[in-house]
Amino acid sequence: MREIRNIIIAFLTVSFLVCCNEEDFLEEEVFDFYSPDNSFTSPEQIDLAVVKLYQGVHETFIAGVVDTWALFYTTDIAYDCIDPTHQLNSWADRITPETGEVEFFWEESYKIIANANTVLSRIENVEYASPAEKNAKIAEAKFFRAYAYRALVIMYGGVPLSLEELQEPKRDFTRASKSDVLDQIVQDLTDAIAGLPDADAVTEDGRISKGAANHLLSEIYIMKGDYTKAIAAASAVIDNPSYQLMTDRYGSRVSEPGDVYWDLFQRGNVNRGSGNTETIWASQYEHLAPGGGRGDALARFLVPLYWQLKDNNGDNVFFGHSSQNGGRGIGWWAASDYMLNEVWVGASDDMRNSEFNIVRDVPVDNPDSEFFGQMMVESGAIKDFPDPYKRWWSALFAKSAPLGDFPDDVIDNPETGATNNGAASSFNDRYLMRLAETFLLRAEAHLLNGDTQSAADDINRVRARANANAITAGEVDIDFILDERARELFTEEFRLLTLMRMGNIVERVRTYNPMHNGQYASNPINDTQNLWPIPNSEILVNTEATLEQNPGY
């Protein structure tokens with residue numbers, strides 16, 4: 001979507017040529033750059049500000065470089081595999097009011113809120129061709145305010161509610177209750193649903209529709225304990241014929257070996273414009289395009305440091321990093337044994353665990369190795385990996401990198417697939433909401449509402465597409481739903497937010513994260529750490545009121 005990709009360029013390069021007399025000049029009106037007085041005066045400028053909200057979500061939750069990955073590796077599905085004491089492996093020691101990631105999500109979420117408030121304030125003075133056009137922009141702004149508050153209330157609990165554009169510094173914020181924050185999110189999403197278009201009326205990939213707001217509203221109603229309304233919100237998406245699970249192969253690599261789940265994550269296949277009816281909302285990225293955004297670095301951090309491996313004779317296993325093996329990964333974090341193995345027990349036919357989607361072994365491609373041409377793990381080329389934390393090898397997830405399909409500019413040798421150092425991203429748009437998750441949200445609401453059969457039915461809709469065996473009502477509990485979310489949504493759902501929302505992050509980290517459960521080291525997570533601390537920097541500058549800290553920090 002060209003408008004989203006070009007926001008910064010469009011916002012910063014506009015200038016006006018002005019001819020005026022001396023008396024007018026003395027009024028000091030600004031015409032040659034944007035200022036608070038002459039910005040947001042036209043529908044075009046309002047839309048640029050709305051697009052900035054999309055960019056804020058992308059750079060906070062998709063392309064935040066180091067900070068973003070705390071949403072994954074601090075949980076049950078993954079861990080930082082560089083060292084037991086690296087980054088946030090030890091919650092008790094490293095997650096403090098001064099931690100960078102703690103400050104990052106707080107600050108970036110409030111930036112989104114501030115930008116949304118500015119749109120909502122300034123739009124009242126802008127003339128639109130129709131009320132519907134104006135209401136659509138108000139709806140987008142309210143959706144993004146709700147989206148940011150959703151992250152804040154899950155991570156930090158009750159937080160200050162800021163619902164107006166601030167014209168001057170404010171130092172007397174106080175925390176609203178969690179209930180009040182959730183009520184505000186519901187109000188914003190309800191308003192957004194009224195003004196947003198239906199999915200089929202959206203003309204640009206990446207723009208939100210009523211479906212995105214209803215999907216998010218379902219999750220918020222689960223948090224509020226109103227399961228009937230959660231079911232209704234999810235059903236508004238599921239029952240909409242515009243949304244369907246993809247069951248047949250499609251898209252850019254349909255002629256290659258693979259399956260429909262693999263197709264979902266290939267470059268060019270994420271957006272609805274590709275024929276993907278499962279997409280509710282996808283964050284946009286355009287490689288090498290001006291204003292195309294920042295790549296997600298997923299391949300850099302999740303793909304193992306395989307290209308530095310040596311075989312049992314001391315020879316390099318691989319000639320270097322390559323397109324077919326995921327590019328230039330550094331193995332900063334890795335899937336846990338729970339994610340790699342436990343959730344797949346008894347699921348040999350599950351498409352999501354196929355050789356296309358989780359690559360557990362690859363051929364040795366260095367001609368100087370005596371194992372050349374043999375499968376690295378199967379042949380025993382490396383009996384003892386050089387590091388017990390799986391940084392050098394665990395598995396390749398097709399979601400994490402465009403395996404065998406990197407852009408031409410990062411390929412150094414098309415014949416061998418050798419890549420340069422730029423092969424460190426998925427180079428892809430990224431799902432923020434997908435219909436499969438809506439089914440799992442509704443299943444969760446049904447379970448909590450006491451209807452295990454309906455919960456099983458929703459889970460089975462997702463499992464049927466994956467060629468997985470159907471489950472019975474008696475098998476459904478929260479742990480099974482979390483297992484199914486891991487199987488379906490690894491690297492898509494922000495797992496940290498899911499576990500914090502459910503209130504079981506402490507239990508799940510202690511049980512499944514190897515840096516906490518004694519497999520590699522004993523890194524404590526405190527009982528009180530279902531919430532992160534309020535950043536100390538925010539408490540210190542809030543000099544005219546008390547911003548209370550969360551217990552245990």
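Residues numbered from 1 in each chain as written. Predicted model: local features only at pLDDT ≥ 70, side-chain atom pairs only at ≥ 80, totals over all residues. Heavy atoms only, no water.

**Q** How do you make sense of the overall build of the protein when you look at a structure like this?
**A** Counting its secondary structure elements, the protein contains 21 helices and 8 strands. Overall, the protein is about 85 × 55 × 50 Å in size when its C-alpha atoms are taken along their principal axes. Every one of the 553 residues in the protein was classed for burial, and the buried ones make up 58%. Of the accessible surface of the protein, which amounts to about 22,400 Å², a share of 48% is contributed by carbon and sulfur atoms. Of the charged side chains in the protein, 45 are positive and 86 negative; the average position of the first set lies 3 Å away from that of the second. (Helix = DSSP H or I, 4+ residues; strand = E, 2+ residues; numbered from the N terminus. Buried < 20%, exposed > 50% of the residue type's maximum accessible area, 1.4 Å probe, protein only. Areas by Shrake-Rupley, 256 points an atom, 1.4 Å probe, with all protein chains shown as cover. Lys, Arg positive; Asp, Glu negative; His and termini not counted. Charge placed at Lys NZ, Arg CZ, Asp CG, Glu CD.)

**Q** How should the packing of helix H17 (residues 452-465) against helix H18 (residues 478-489) be read in this particular structure?
**A** Two quantities define a packed helix pair, namely the angle between the helix axes and the distance between the axes. Close contact between H17 and H18 brings their axes to 12 Å; oriented N to C, the two are set at 30°. In terms of orientation, H17 lies roughly parallel with respect to H18. Taken as a pair, H17 and H18 cross one another with a handedness that is left-handed. In this structure, H17 contributes Ile459, Val462, Arg463 and Arg465 to the contact, and H18 contributes Phe480, Ile481, Glu484, Arg487 and Glu488. (Axes fitted to C-alpha atoms, helices over the stretch in contact; angles between N-to-C directions. Parallel < 35°, antiparallel > 145°, perpendicular 65-115°, else oblique. Left-handed = near helix turned anticlockwise from the far one by under 90°. Contact = heavy atoms within 4.5 Å.)

**Q** Is there a simple way to explain the packing of H18 against helix H19 (residues 495-502) in this structure?
**A** The N-to-C vectors of H18 and H19 enclose an angle of 170°; their axes lie 12 Å apart at closest approach. In terms of axis orientation, H18 runs roughly antiparallel to H19. Across the interface between the two elements, Ile478, Leu482, Arg485 and Ala486 from H18 touch Arg495, Thr498, Leu499, Arg501 and Met502 from H19. Here the contact of H18 with H19 is composed, by residue class, of 5 nonpolar, 1 polar and 3 charged. (Nonpolar A, V, L, I, M, F, W, Y, C, P; charged D, E, K, R; others polar.)

**Q** Sorry if this is basic, but what is going on with the nonpolar core here?
**A** Nonpolar side chains in soluble globular proteins tend to be buried together. Phe143, Tyr147, Tyr156, Trp281, Trp333 and Trp532 are the most contacted members of the largest nonpolar core, which has 155 residues in total. Setting aside anything within four residues of it in sequence, one finds tryptophan 333 in contact with Trp69, Phe72, Tyr73, Ala78, Tyr79, Asp80, Cys81, Leu298, Phe301, Leu302, Phe490 and Thr491. Leu264, Ala282, Met351 and Tyr431 belong to the second largest nonpolar core, which has 11 residues in total. (Core = buried A, V, L, I, M, F, W, Y, C linked by side-chain atoms within 4.5 Å.)

**Q** Explanation requested: the packing of aromatic side chains in the structure shown.
**A** Within the structure shown, the criterion is met by 31 aromatic pairs. Between phenylalanine 61 and phenylalanine 105, the ring centres sit 6.2 Å apart and the planes meet at 35°, which makes this aromatic pair tilted. Placement of the pair is phenylalanine 61 in helix H4 (residues 43-62) and phenylalanine 105 in helix H7 (residues 100-122), with a sequence separation of 44 residues. The same class applies to phenylalanine 61 as to phenylalanine 105, namely buried. Taking the centre distance of 5.2 Å and the plane angle of 55° together, the rings of tryptophan 106 and tyrosine 110 count as tilted. In this pair, tryptophan 106 and tyrosine 110 both sit in helix H7, 4 residues apart, roughly one turn of the helix. Each member of the pair, tryptophan 106 as well as tyrosine 110, is classed as buried. (Phe/Tyr/Trp six-rings, centres within 6.5 Å; stacked < 30°, edge-to-face > 60°.)

**Q** What is the right way to read the pattern of salt bridges from this model?
**A** Tallied over the entire structure, the rule returns 41 salt bridges. In this structure, arginine 253 engages glutamate 256 in a salt bridge whose closest nitrogen and oxygen atoms are separated by 2.9 Å. Between aspartate 527 and arginine 510 there is a salt bridge, and its shortest N-O distance comes to 2.8 Å. On the criterion of sequence distance, the pair formed by aspartate 527 in the loop between helix H20 (505-512) and helix H21 (536-541) and arginine 510 in helix H20 is long-range, its members being 17 residues apart. (Salt bridge = Lys/Arg side-chain N within 4 Å of Asp/Glu carboxyl O.)

**Q** Help me understand the pairing of strand E2 (residues 279-283) in this model?
**A** For a regular strand, side chains alternate in direction, first toward one face of the sheet and then toward the other. Across the 5 residues that make up E2, a large majority, 5, are buried. Pairing of E2 with strand E8 (residues 430-434), which is carried by 4 bridges, proceeds in the antiparallel orientation. Bridge pairing links tryptophan 281 to methionine 433 in E8. (Pairing = 2+ DSSP bridges.)

**Q** I tried to follow the environment of valine 50 on my own but got confused; where do I start?
**A** Structurally, valine 50 can be placed in helix H4. Since its relative accessible area comes to 0%, valine 50 is described here as buried. A sequence separation of 88 residues divides valine 50 from isoleucine 138, and the C-alpha atoms of the two residues are 9.1 Å apart. Those residues within four positions of valine 50 in sequence are excluded, and the remaining contacts are Val119, Lys137, Glu140 and Arg207.

**Q** Would you mind showing me how to read H20 here?
**A** Among the residues of H20, those classed as buried are Ile505, Val506, Arg508 and Val509. Residues of H20 that are buried sit in contact with helix H6 (91-94), helix H14 (337-340), H18 and H19.

**Q** Any chance you could explain the side chain of arginine 485 here in plain terms?
**A** When you line up the elements, arginine 485 lands in helix H18. Those residues in contact with arginine 485, other than ones at most four positions away along the chain, are Glu437, Leu440, Leu441, Phe490, Glu493, Arg495, Thr498 and Arg501.

**Q** Please explain the environment of glutamate 164 as it appears in this structure.
**A** Among the secondary structure elements, glutamate 164 is positioned in the loop between helix H8 (131-156) and helix H9 (178-195). Residues glutamate 164 and valine 343, spaced 179 residues apart in sequence, show a C-alpha to C-alpha distance of 45 Å.

**Q** Would you take a moment to explain unusual backbone geometry for this structure?
**A** Most peptide bonds adopt trans geometry, and most residues besides glycine take a negative phi value. Its identity is not glycine, yet glutamine 87 carries a phi of approximately 50°, on the positive side. For glutamine 87, the location among the structural elements is in the loop between strand E1 (78-80) and H6. Judged by its relative accessible area of 19%, glutamine 87 falls in the buried class. Its identity as a non-glycine residue notwithstanding, lysine 390 has a phi of 70°, on the positive side. Inspection of the secondary structure puts lysine 390 in the loop between helix H15 (376-379) and strand E5 (396-397). By relative accessible area, which is 23% here, lysine 390 ends up partly exposed.

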